[in-house]
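# Results of the structural survey
One-letter residues, chain by chain:
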Protein chains: 2
Amino acid sequence: MATHPEPDEPDLGVLSSLLLFAFQDELFTKLAERGFDDVRPRHGAVLAYLAPRGIRATHLALRSGQHKQIIGTLVDELETLGYLERRPDPTDRRAKLVCPTERGLAQMSAAREIITALESRHAERLGDTKYRQFKQLFTDVAIHQRQWATLD
Amino acid sequence: MATHPEPDEPDLGVLSSLLLFAFQDELFTKLAERGFDDVRPRHGAVLAYLAPRGIRATHLALRSGQHKQIIGTLVDELETLGYLERRPDPTDRRAKLVCPTERGLAQMSAAREIITALESRHAERLGDTKYRQFKQLFTDVAIHQRQWATLD
């Protein structure tokens, strides 16, 4: 059996949380500078998965890995702040879609620009090939770790 | 300028949060199975950085990237649950050290075993060399991202 992690080497949980908090720090500081100063890192669990045409709350919960109750609270908060609204799903009248408003679309576009610049900085430092390998390995490990709950 | 991320490719924030929640899911489920059923994922910000001989609360805040007030609340909760206690720092009598109790040391040892097995699973799947490269790149990106707040 391989022996991971080495003593004193940060484990996957430590690395994930350090990167997540530092990523949120930059993203939400720069969003605030562009006038989106009322969204908080916790709203990322909804904002990161919004689609221009809308998405069901159950899919937001699935994709973000957060509980449905938490997603419901975040959607309520973002609706009050004017970033999104619930509309009837045209494919199923009993269901609702969570849709970005004009302000929500502007936030999505600003976040996309900020994140692209953030990732480009890492890619330029490490080299494009190495950064792409890192993203592929990161995606692979995250997907396999998510499968643990259902496989184990 | 490089164009990262590609459309529809998960960004660094999405990957970090997916991996963090899935890591916590496995760790805290398995801790509960071993009798540590009263600790919660939020306590990870303290538990992950405890040292057998103790650590100052200010260092816990620095290492975890969490605010000092949040660390204070988590330390209070873990003290009530019997995982740690505040003791005077022998090198500075005005300062306090956060030290694990017997139960805290047992939890640290159980968590280390669970995390080692979790990481070995990824290392065996990807191959040891590739997994080690991934951890090195992950550490590099996390450290550089944390520097953003002070450099920018």
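Nothing here was measured: the structure is a model prediction, and the numbers come from that model. (Residues numbered from 1 in each chain as written. Chains lettered and ligands numbered in written order. Predicted model: local features only at pLDDT ≥ 70, side-chain atom pairs only at ≥ 80, totals over all residues.)

Scanning chain A from N- to C-terminus turns up six helices and two strands. Ordered by position in the sequence, the α and β elements of chain A form the string α-α-α-α-β-β-α-α. The principal-axis extent of the C-alpha atoms belonging to chain A is close to 55 × 40 × 25 Å. Sorting the 152 residues of chain A into buried and exposed places 32% on the buried side. Across chain A, every contact between residues at least 6 apart in sequence was considered, and the portion connecting residues at least 24 apart equals 44%. (Helix = DSSP H or I, 4+ residues; strand = E, 2+ residues; numbered from the N terminus. Buried ≥ 20, exposed ≤ 12 C-beta atoms within 10 Å, placed from the backbone. Contact = placed C-beta atoms within 7 Å.)

Okay, the pairing of strand β1 (residues 84–89) of chain B next. All names here are of chain B. The pairing of β1 with strand β2 (residues 92–100) spans six bridges and is classified as antiparallel. Counterpart to R86 in the pairing with β2 is V98. What sits between β1 and β2 in their antiparallel hairpin is a turn of two residues. (Pairing = 2+ DSSP bridges.)

It is worth spelling out the interface of chain B and chain A at this point. Between chain B and chain A, the contact holds 48 residues from the first and 48 residues from the second. Of all elements in the fold, only α1 (12–33), α5 (102–126) and α6 (128–151) of chain B reach the threshold of two or more residues within the side of chain B that touches chain A. Looking at the side of chain B that touches chain A, the element that brings in the most residues is α1(B), giving 16 residues.

The next thing to look at is the nonpolar core. Of all hydrophobic cores here, the largest spans 65 residues; its most connected members are L19(A), V46(A), L19(B) and V46(B). Those residues in contact with L19(B), other than ones at most four positions away along the chain, are L12(A), S16(A), V141(A), A142(A) and Q145(A). (Core = buried A, V, L, I, M, F, W, Y, C linked by C-beta atoms within 7 Å.)

With an RMSD of 0.0 Å, chain B superimposes on chain A once it is rotated by 180° and translated 0.0 Å along the axis. Here the two chains are linked by the operation of a two-fold rotation axis. Across chain B, the smallest distance between a C-alpha and the rotation axis is recorded for S16(B), namely 2.5 Å. Interface overlap between copies is the fraction of interface residues in one copy that are interface residues in the other; for chain B against chain A it reaches 98%, indicating a shared surface. (Least-squares fit on C-alpha atoms with pLDDT ≥ 70 in both.)

On to helix α4 (residues 68–80) of chain B. Residue and element names in this part refer to chain B. Relative to the 18 Å expected for 13 residues at 1.5 Å per residue, α4 spans 18 Å between its end C-alpha atoms, a close match to the ideal helical length. I71, L74, V75 and L78 are the residues of α4 that are buried. Down the axis of α4, the buried side of the element spans an arc of 105°, and every buried residue falls inside it. Turned more than 90 degrees off the buried face of α4, the exposed positions are Q69, D76 and T80. (Expected span 1.5 Å × (residues − 1). Arc of directions from axis to C-beta.)

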